[in-house]
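Single-letter residue listing:
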Amino acid sequence: MAVDTSPRSVTWTFVDGEWLSGNPPLIGPTSHAMWLGSTVFDGARFFDGIAPDLDLHCQRVNRSATALGLKPTMKSEEIEALTWEGAKKFDGQTALYVKPMYWAEHGAAGVVAIDPESTRFALCLFEAPMGNGHGGSSLTLSPFRRPTLESMPTDAKAGCLYPNNARILTEARSRGFDNALVRDMLGNIAETGSSNVFLVKDGVVFTPAANRTFLAGITRFRVMTLLREAGFEVVEATLSMADFEAADEIFTSGNYSKVLPVTRLDDRDLQAGPIAAKARDLYMDWAHSSQDG
């Protein structure tokens, strides 16, 4: 029986100069991206008439393309303008996920390498409700690890990295957890399977130091900046599983849910703590005050 390829929410995609509804067929079996994974993307959010740090997300997708060997075909400002144009196609009642993408259509130098001149671009917007940030999530420790720059393009938000994230999440959920802490190849905590992570100990906020094994996210940077401006000490450090096990609070940051408290780590229950709540409030206050739509 054929798989239903229709999107799971209202979706519009800009490609080749026009907006298309639904899930348009953009790649075929001979497309380099289809069988050799030459894709990059980014993710921003549009809600309440605002798109926090949209400019940074649009800039990063171009950096990711270059890092993977693709050739960016759009200026970041053009991607921003298209996002605002596309957002008008929705009813404004539900938050949107904003996903600019590049991929290679053809290979070069023996097929496997990317032909940068064949780079294609699409901008996909789809309805995706925002979480309220108060429900909390559960974490365990993943048996899988993050690769290094020498082995994978960890300096890009590349599609080829995400099957590893998928197995991290699938394995954690098979054991009854929402997500998992993930170590780098040296055994230090890098992130979770889908977000950056923070811990709080004695009032000090810690987050894994950016060591190029994971994307130090745009929302992560924004949360760090806002907490520091509010008077909190925020430290980037080498962190072990033991540090997280001894934490007073744990919370995550990411574009999809922004700031989310962790309420269980393995068999230890945690409170949705005050600093996590403050971080979310600071982020949302900044997002609404920094843009007028």
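Anything mentioned here points back to the structure above.
Scoring rules and cut-offs
- Residues numbered from 1 in each chain as written.
- Predicted model: local features only at pLDDT ≥ 70, side-chain atom pairs only at ≥ 80, totals over all residues.
- Heavy atoms only, no water.
- Axes fitted to C-alpha atoms, helices over the stretch in contact; angles between N-to-C directions.
- Helix = DSSP H or I, 4+ residues; strand = E, 2+ residues; numbered from the N terminus.
- Parallel < 35°, antiparallel > 145°, perpendicular 65-115°, else oblique.
- Left-handed = near helix turned anticlockwise from the far one by under 90°.
- Contact = heavy atoms within 4.5 Å.
- Nonpolar A, V, L, I, M, F, W, Y, C, P; charged D, E, K, R; others polar.
- Core = buried A, V, L, I, M, F, W, Y, C linked by side-chain atoms within 4.5 Å.
- Buried < 20%, exposed > 50% of the residue type's maximum accessible area, 1.4 Å probe, protein only.
- Patch = residues over 30% accessible without salt bridge, like charges linked within 9 Å, V, L, I, M, F, W, Y side chains within 5 Å.
- Areas by Shrake-Rupley, 256 points an atom, 1.4 Å probe, with all protein chains shown as cover.
- Salt bridge = Lys/Arg side-chain N within 4 Å of Asp/Glu carboxyl O.
- Expected span 1.5 Å × (residues − 1).
- Arc of directions from axis to C-beta.

### Some words on the packing of helix 2 (residues 54-68) against helix 3 (residues 76-87)
Working note: a packed helix pair is described by the angle between its axes plus the distance between those axes.
Part 1 of the argument: Where helix 2 contacts helix 3, the two axes come as close as 8 Å, and the packing angle between them is 130 degrees. By the angle between their axes, helix 2 is oblique relative to helix 3. As helix 2 runs across helix 3, the sense of the crossing is right-handed. Taken together, the residues of helix 3 that come into contact with helix 2 (itself represented by L54, D55, C58, Q59, V61 and N62) are S76, I79, E80, T83 and W84.
Part 2 of the argument: In the contact of helix 2 with helix 3, the residues fall into five nonpolar, four polar and two charged.

### Some points on the nonpolar core
Part 1 of the argument: L70, I79, Y102, L123 and L125 are the most contacted members of the largest nonpolar core, which totals 28 residues.
Part 2 of the argument: Contributing elements (two or more residues each) for this core: strand 4 (44-46), helix 2, helix 3, strand 5 (96-104) and strand 8 (119-127).
Part 3 of the argument: Sorting elements by how many residues they give to this core places helix 2 first, with five residues.
Part 4 of the argument: For L123, the contacting residues outside a window of four places in its chain are W12, T13, F14, W19, I79, L82, T83, V98, K99 and P100.

### Points about a nonpolar patch on the surface
Part 1 of the argument: A cluster of nonpolar side chains, contributed by I27, M34, W35, L36, V111 and V112, occupies part of the molecular surface with about 580 Å² of accessible area.
Part 2 of the argument: Inspection of the secondary structure assignment puts W35 in helix 1 (residues 32-36).
Part 3 of the argument: W35 sits in the exposed class, given a relative accessible area of 52%.

### Some thoughts on the environment of G37
Part 1 of the argument: Residue position: G37 is located in the loop between helix 1 and strand 3 (39-41).
Part 2 of the argument: Between the alpha carbons of G37 and A95 there is a distance of 29 Å; along the sequence they are 58 residues apart.
Part 3 of the argument: Leave out the neighbours within four places in its chain, and G37 touches H32 and C160.

### Examining helix 4 (residues 162-174)
Part 1 of the argument: Taking 1.5 Å of rise per residue, 13 residues should cover 18 Å, and helix 4 covers 18 Å from first to last C-alpha, within 8% of that figure.
Part 2 of the argument: Where helix 4 is concerned, the buried positions are N164, N165, I168, L169 and A172. The arc that holds every buried residue of helix 4, seen down its axis, measures 135 degrees, which confines them to one face. Away from the buried face of helix 4 by more than 90 degrees, exposed residues P163, T170, R173 and S174 are located.
Part 3 of the argument: At its buried positions, helix 4 is contacted by strand 9 (137-145) and strand 10 (179-183).
Part 4 of the argument: G176 sits one or two positions beyond helix 4 and adopts a positive phi of about 90 degrees.

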